[in-house]
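# Commentary on secondary and tertiary structure
Here's the letter readout for the chains.
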Amino acid sequence: METMTETATARPLPGQFDVVVIDDEETFTEGCRQTLEMGGFRAAVAKNGPQGLSLVRSAHPGVVLVDLKMPGMSGLEVLGQLSASAPCTVPIMVTGHGTMDSAVESMKVGAFDFLTKPFEPERLLESVRRGMSLNVLRKEREGVTEPVAVLAPAPDKNDLLLRGLEVLGEAYSLGLDNRQLFDELAYLEAEAKYHAQSLGQIKKKERAILDIRDDLRKVDTILEKYDFEKGALIQVLLDVQEKFNWLPRHILHWISARLNVTVKEIYTIAAFYETFSLKPRGRHCVQVCTGTACHVRGAAEMLTRVSATLGLQPGETDAEQQFSLTTVHCLGCCALAPVIQVDKQYYHSPSRNKLEKIIKSLDKEVQPVCLS
Amino acid sequence: MSKLMISADLEALRKKVLSQREAKSKWVTICTGTGCCAYGAEALADGFEKEIDKRGLCKTVGIRRTGCHGFCERGPLVVIESKGNICYVGAQLKDVPLIVEKSVVGSETVERLLYLDEETGKRVSRVEDIPFYNHQTRILLKNNALIDASNILDYIAVGGYSALAKALTGMSPVDVLNEVKEANLRGRGGAGFPAGVKWESARKAVETPKYVIVNADEGDPGAYMDRSLLEGNPHSVLEGLILGGYAIGASQGFIYVRQEYPMAHKHAQTAIDQAREYGLLGANIFGSTFSFDVKIHRGAGAFVSGESTALISAIEGHVGEPRPKYIHTTEKGLWGKPTCLNNVETWANVPFIINRGAKWFRTMGTEESKGTKIFSLVGKVNNTGLVEVPMGMSLRDIIFKIGGGLPKGKKFKAVQTGGPSGGVLPESMLDTPVGFDELTKVGSMMGSGGMIVMDQDTCMVDTARYYINFLAHESCGKCIPCREGLRQMLNILDRITAGAGKESDLDLLEELSEFMEMASLCALGQTAPNPVRSTIRYFREEFEAHIKEKRCPAGVCTALIEYEIDPVKCTACGACAKACAVGAIQKVDAKTYTVVQEKCIKCGACYSTCPDKWGAVVKVPALPATQSPAGPGALFEAKA
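Parameters at a glance
- Residues numbered from 1 in each chain as written.
- Chains lettered and ligands numbered in written order.
- Predicted model: local features only at pLDDT ≥ 70, side-chain atom pairs only at ≥ 80, totals over all residues.
- Heavy atoms only, no water.
- Buried < 20%, exposed > 50% of the residue type's maximum accessible area, 1.4 Å probe, protein only.
- Helix = DSSP H or I, 4+ residues; strand = E, 2+ residues; numbered from the N terminus.
- Contact = heavy atoms within 4.5 Å.
- Buried area = accessible area lost by both parts, 1.4 Å probe.
- Salt bridge = Lys/Arg side-chain N within 4 Å of Asp/Glu carboxyl O.
- Polar contact = N/O pair within 3.5 Å; in protein donor to acceptor, adjacent residues only side chain to side chain.
- Nonpolar A, V, L, I, M, F, W, Y, C, P; charged D, E, K, R; others polar.
- pLDDT = per-residue confidence, 0-100.
- Phe/Tyr/Trp six-rings, centres within 6.5 Å; stacked < 30°, edge-to-face > 60°.
- Lys NZ or Arg CZ within 6 Å of the ring centre and 35° of its normal.
- Pairing = 2+ DSSP bridges.
- Axes fitted to C-alpha atoms, helices over the stretch in contact; angles between N-to-C directions.

## A word on helix 7 (residues 162-170) of chain B
Every buried residue belonging to helix 7 of chain B is among Ala163(B), Leu164(B), Ala165(B), Ala167(B) and Leu168(B), and all of these are buried. Packing partners of the buried residues in helix 7 of chain B comprise helix 1 (7-22), helix 8 (173-183), helix 11 (234-248) and helix 14 (344-362) of chain B.

Have a look at this one:
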């Protein structure tokens, strides 16, 4: 309830939310919001049509989830008005009373997808992911630029990453509906976005290419250390992880070429080991030990506390890439149980106050490791 | 520094180092193991350096940052060595000037920083008099407290590398092997396979080159003795490895360290570099024909990589997955060549056996398990830390004599040994002597030496679920019995802890256990049912309480409990409300607070915050109606 009134009164900025959920049933909107946030989307909720529309008008979300049957303004009416006020936003219709007729009717007024309650969270995320991609294409076509896009370097056909986006576009226009392909493409898109964001302050597009080149040179120094030996692959990846804080895609492709190992093999290793991250990690890493000694001394409680203080679920990184929260099986400090590690420092079960102090004490202005 | 060409050089160097050190009449040693560092030991050591410098005592007083002393519970630990020693526990930076004034300049003690023996009520100053230490037999761990791990001269000063000198100048490789075999040194990594037998088959294998590996991928949650040895005394492990290489005829060794132990990696690397500098690694060690070198490989966070074949696969640069062992790794291991792999602690035992002989080693321990074993005594016990005891000591002695019993007068419930492959033992089994076969007999195992004590507030079903959850996550997924078996087990245990267990579940768990044990590819899957089996075997009634009465007797399983505030006991101090991260505790009136159940995430922060003297936050059984063991598919309900 609180989030709803907040978003409705304080006018959100364009691009602040990816998804707006409109339904009169609060348990449903809340469930959706949680699922979407777990899937990495920023979501806002509204409890009726008019409120939802005003939210959509100011926030310009990528996707809007609308319930078909609501008191007052129905889902179909919302969709009718939506195309006028936010043409790029992709609507997805949701209903507890799915019939063929209602589905057809929804599609006629421009719904991109039609979900029947109850549905699996994964089904929702997949649909939203596809909707978001369509939204990107629509915006490109309409020439709409968002704050992020304004800062990002202009599209260049030679740019490695943007070529990825092109492939993405092609896949959608072909109507490919393979889940694995989608995940892969969504990943590519996220990475391109991340680069665009990181390079936001840089005006010249050439700089992006130079940065990538610098990255690859750094990787070459690492590879040299191991004499370009195939067997050192895991050690190389560990060094890359340490230097860049994650395993960027272009680097993995580079390693594949340099060591003459398949990309598949690299991904198998990167996915197998806990240490490696295929997503950018925060500049500061908060690790909560869930070893047995910590478990019996209340690690679960500590994890909830840390999680609530940081506002992150385990495995998540905040939007500014400031913090990552991870769990680890054993830090080997069992005598201090329960224990957390923040960057290189170990702490014995910090209270909420202590945690906040620790977090504040970390330098917020540190540049991302990836771009140093 | 010139290389040591013959064994006499080592002895000469040792004497030189010792005589140089005689100039200093006192030493301040500060434990900088990971545990003490978390308590601020590094800053404390810096403080001592500054203070000693300020007083101009540099010439007569030495400072040494040592490895883990073991008594991590009371860190940071400071020992003042002169004629006797004074051990300070829990010293803080502000205490430094006082300690220097009293104990370094003078010869007095600072009473309040000495260990307080709860039983006698007296303060104890000598290390040997602290009960935690005086029931132990510290052989492997002893030098941890005496040497600076990053200085090879410290290790040489306590007699380091003398076993290597002895072997290379006076013993044939077969002599070394026979000594280890006769000592009946059994692998400290878990299975307890005799190291000598392993070495022999690697020695007899025809193919060359051969390899020796230190397994420092200590993945068992709740165990950290390997970390402590490699961080605190890396040269002892290295010396053991070189001896092993000599015995089986290998010229290349590897140390596989898990990535979570950055300090162990750093110290091992420093040790290797220094050993090379002194000619203890490289070509023609001590002028013999034996050449040997060592490389470090870092693991990347996978429990299964501690399994021998998986570890070998990881060193080769592949995914660390196990393979079937139709042919032993001692014949076809790393790159298809004979490979001998042992745990950190096993290797660290070797120099002692060579120096003091197999006979001496056999004087300690039980019939089948010889020597000492390091345990990481953790969990709900007063003196947590690393303890080294002769094999055959009873669990009761370790937990109550060394560990000092359980905190807050809580009742002992169980002890878990052997990590995720081990089992949980109840009070009736406390007199079991620790030994490889003895522990296996009662349904647990030695494992790498984790010993987690649990009190009345620990739920056994939750403990079983914890281990299965861990293993399900760590199963590499290569063989189906392990991957699917664990997943099903986790499902069942999830159901039971959520209050939706069925009576048939226990039989189903038994059946699954049997199947996994028979059909899994590697030890991870074969031993994975142990935590479930042993908890059902000894704590069946607790499972039944969860299933039949939907009740968690220990008050742990969150679906089965609720937190409430007793209005009579509550003093309205508001501490719980401050601790609550979700604002679920609200003030009703000036004298009472209440828990809003809809908001409560059952983290228990209020429960642990409420001072013991009030004890106003209580756990009560949750009403069955409020349970919703929702699977992921049931997240969205259709509208009514």
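## Comments concerning the interface of chain B and chain A
In this complex, chain B contributes 68 residues to the contact, which on the side of chain A involves 52 residues. Around 4700 Å² of area is buried between chain B and chain A when both sides are counted, 59% of it from carbon and sulfur atoms. For Arg298(B), the salt bridge is made with Glu242(A), and the minimal N-O distance between the two is 3.8 Å. Remark: the boundary between chain B and chain A carries 24 residue pairs in polar contact (both at pLDDT 80 or more). Listed by contribution, the elements that provide at least two residues to the side of chain B that touches chain A are helix 2 (34-38), strand 9 (293-298), helix 13 (308-315), strand 11 (372-379), strand 15 (450-455), helix 17 (460-474), helix 22 (575-579) and helix 23 (605-609) of chain B. Here the side of chain B that touches chain A gets six residues from one element, more than from any other, and that element is helix 17 of chain B. Here the residues of the side of chain B that touches chain A are counted per class, giving 35 nonpolar, 19 polar and 14 charged.

## Here we look at the confidence of the model for chain A
All names here are of chain A. Looking at chain A, pLDDT values average 77 and 75% of them are 70 or higher. When pLDDT is averaged over each helix and strand of chain A, the minimum, 38, is found for helix 7 (residues 147-151) and the maximum, 92, for strand 1 (residues 19-22). Taken as a whole, residues 146-158 scores under 50 in pLDDT and shows 17 contacts with residues more than four places along the chain or in a different chain. Counting interchain partners and residues more than four positions distant, the pLDDT-below-50 stretch residues 365-372 has 15 contacts.

## Remarks on the packing of aromatic side chains
On inspection of all chains with the given rule, the structure shows 19 aromatic pairs over all chains. Summarising the aromatic geometry, the rings of Phe28(A) and Phe119(A) are spaced 6.2 Å apart at their centres and angled 85° between planes, so their arrangement reads as edge-to-face. Of this pair, Phe28(A) sits in helix 2 (residues 26-38) while Phe119(A) sits in the loop between strand 5 (113-116) and helix 6 (121-142), and the two are 91 residues apart along the sequence. Of the two residues examined, Phe28(A) and Phe119(A), each falls in the buried class. Centroid distance Tyr273(A) to Phe276(A): 6.1 Å. Interplanar angle 85°. Geometry classified as edge-to-face. An identical accessibility class is assigned to Tyr273(A) and Phe276(A); each is buried. An aromatic cluster is built from Phe71(B), Tyr115(B), Phe132(B) and Tyr133(B), whose rings are joined through pairwise contacts. One residue, Arg258(B), lies across the ring of Tyr261(B), its end atom 4.9 Å from the ring centre. Its guanidinium or amino end placed over the ring of Tyr607(B), Lys619(B) lies 4.6 Å from that ring's centre, counting from NZ or CZ.

## Points about the sheet that holds strand 1 (residues 26-31) of chain B
Residues and elements named next belong to chain B. Taken in spatial order, the four strands line up as 2-1-3-4 in an open sheet, and their pairing is mixed. A strand with exactly one partner marks an edge of an open sheet, and here the two such strands are strand 2 (61-66) and strand 4 (85-89). This sheet shows a mean twist of 15° between the axes of neighbouring strands, independent of strand direction. Pairing of strand 1 with strand 2, which is carried by six bridges, proceeds in the parallel orientation. When the sheet's bridge partners are listed, Ile30 is paired in strand 2 with Arg65.

## With respect to the side chain of Arg33(A)
Considering the arrangement of structural elements, one finds Arg33(A) in helix 2. Setting aside residues no more than four positions away along its own chain, Arg33(A) makes contact with Ala43(A) and Val45(A).

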